[in-house]
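Secondary and tertiary structure notes
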Amino acid sequence: AVLLDLINNRYFKIISSNTDDTVIRLTDKDTSSLEEYEMDIINYLDSFKDSNGDISLAGIADNETYDHYKEFKADWKKKASDSISDSVIKRYFDDRGTKIFGKALLILFVISIILTILANIVTGVLPIIENRFYWYFIIFLAIPVAIYLLTPNTYPGRWTPEGKVASEKWENFRKYITDYSLINEKPPESVQVWGKYLVYAATLGKAKQATDTLQEYISAKKLSDDEIATNNLVLFTSKGGYNNLTS
């Protein structure tokens, strides 16, 4: 979503694009107002440029290593997450229930260990892998861990009134951007708006569906190349850029 937003705001220009590869180039647009995590994306991509300053998306896959990308991604996600202040989070989400829930499961986990040890002392049977008590031990300890991992934080926590309204709006948008019949009923005001929609869809994990909807919209409205080119991200997406980015 961050990269698509950078493209939408013309920090990158599209040099060429086809079904096999998309080539982009960093523009000279002032980046002083960007967040650090946005600059990290720019610098990461820029490290793969050729002598002409062109960045081949297919070339990144050919030249990047798994370990380096994994390390970059982990550091970047932490930096992006840390950029959201606690005050903003508290404005939309009340996580007090989540904290209580986590502490309760921790207590349950400790109790599980204590009870298992006591049971072993009483029975005189150690939970070794050769007997069934080993598996009772594993299952008993796994229950609170599984509950913690499988329960979304919105379950023990809750949206604030403002957060609930925002959540419902985003859910309605998710349905809208992935359903062409809704797009056709209430089309975006312009191609420029489509650029923002694609960024929002990527944030919601629906970029692929939104891309398909955009292609259907372009065909139905018979948009010209000049109309498509009025928005950098719409041009990028319509020429296969998103597919090449995720392939």
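Residues numbered from 1 in each chain as written. Predicted model: local features only at pLDDT ≥ 70, side-chain atom pairs only at ≥ 80, totals over all residues. Heavy atoms only, no water.

1. Topic: the pattern of salt bridges
Applying the stated criterion to the full structure yields 9 salt bridges. Its salt-bridge partner being Arg25, residue Asp54 comes within 2.6 Å of it at the nearest N-O pair. Of this pair, Asp54 sits in strand β3 (residues 54-56) while Arg25 sits in strand β2 (residues 22-26); the two residues are 29 residues apart in sequence, bridging distant segments of the chain. By relative accessible area, which is 28% here, Arg25 ends up partly exposed. Across the salt bridge formed by Lys208 and Asp212, the nearest N and O atoms sit 3.0 Å from each other. Taken together, the residues span about one helical turn, with Lys208 and Asp212 both in helix α11 (residues 207-221) at a distance of 4 residues. By relative accessible area, Lys208 is classed as partly exposed at 40%. Residue Asp212 is classed as partly exposed on the basis of its relative accessible area, which comes to 40%. Via salt bridges that share partners, Glu36, Asp40 and Lys79 belong to a single interconnected network. (Salt bridge = Lys/Arg side-chain N within 4 Å of Asp/Glu carboxyl O. Helix = DSSP H or I, 4+ residues; strand = E, 2+ residues; numbered from the N terminus. Buried < 20%, exposed > 50% of the residue type's maximum accessible area, 1.4 Å probe, protein only.)

2. Regarding the packing of aromatic side chains
The full count for this structure, using the stated rule, is 12 aromatic pairs. Consider the rings of Phe173 and Tyr176, whose centres lie 6.4 Å apart with planes at 40°: the pair is tilted. Taken together, the residues span about one helical turn, with Phe173 and Tyr176 both in helix α8 (residues 161-177) at a distance of 3 residues. Here Phe173 and Tyr176 have matching classes, each one buried. Taking the centre distance of 5.9 Å and the plane angle of 75° together, the rings of Phe173 and Tyr200 count as edge-to-face. Of this pair, Phe173 sits in helix α8 while Tyr200 sits in helix α10 (residues 191-203), placing them 27 residues apart in sequence. The class of Phe173 is buried, set by a relative accessible area of 12%. (Phe/Tyr/Trp six-rings, centres within 6.5 Å; stacked < 30°, edge-to-face > 60°.)

3. Topic: empty space enclosed by the protein
Applying the stated criterion across every chain yields a total of 1 cavity of 30 Å³ or more. Around the largest cavity, the lining residues are Leu4, Leu198, Ala207, Thr211, Thr237 and Tyr242. Classifying every residue of the lining of the largest cavity by side-chain character gives 4 nonpolar, 2 polar and no charged. (1 Å grid on protein atoms, 1.4 Å probe; cavity = no way out; pocket = protein on both sides within 12 Å on 5 of 7 lines; lining within 4 Å. Points joined across faces, edges and corners; volume = space filled by probe spheres on them. Nonpolar A, V, L, I, M, F, W, Y, C, P; charged D, E, K, R; others polar.)

4. As for α8
Its 17 residues give α8 an end-to-end C-alpha distance of 25 Å, which sits within 8% of 24 Å, the value for a rise of 1.5 Å per residue. Taken together, the buried positions of α8 are Gly163, Phe173, Tyr176 and Ile177. Along the long axis of α8, the arc covered by the buried residues comes to 140°, so they all point the same way. Tucked into the core, α8 has its buried residues touching α5 (86-92), β5 (158-159), α9 (180-185), α10 and α11. (Expected span 1.5 Å × (residues − 1). Arc of directions from axis to C-beta. Contact = heavy atoms within 4.5 Å.)

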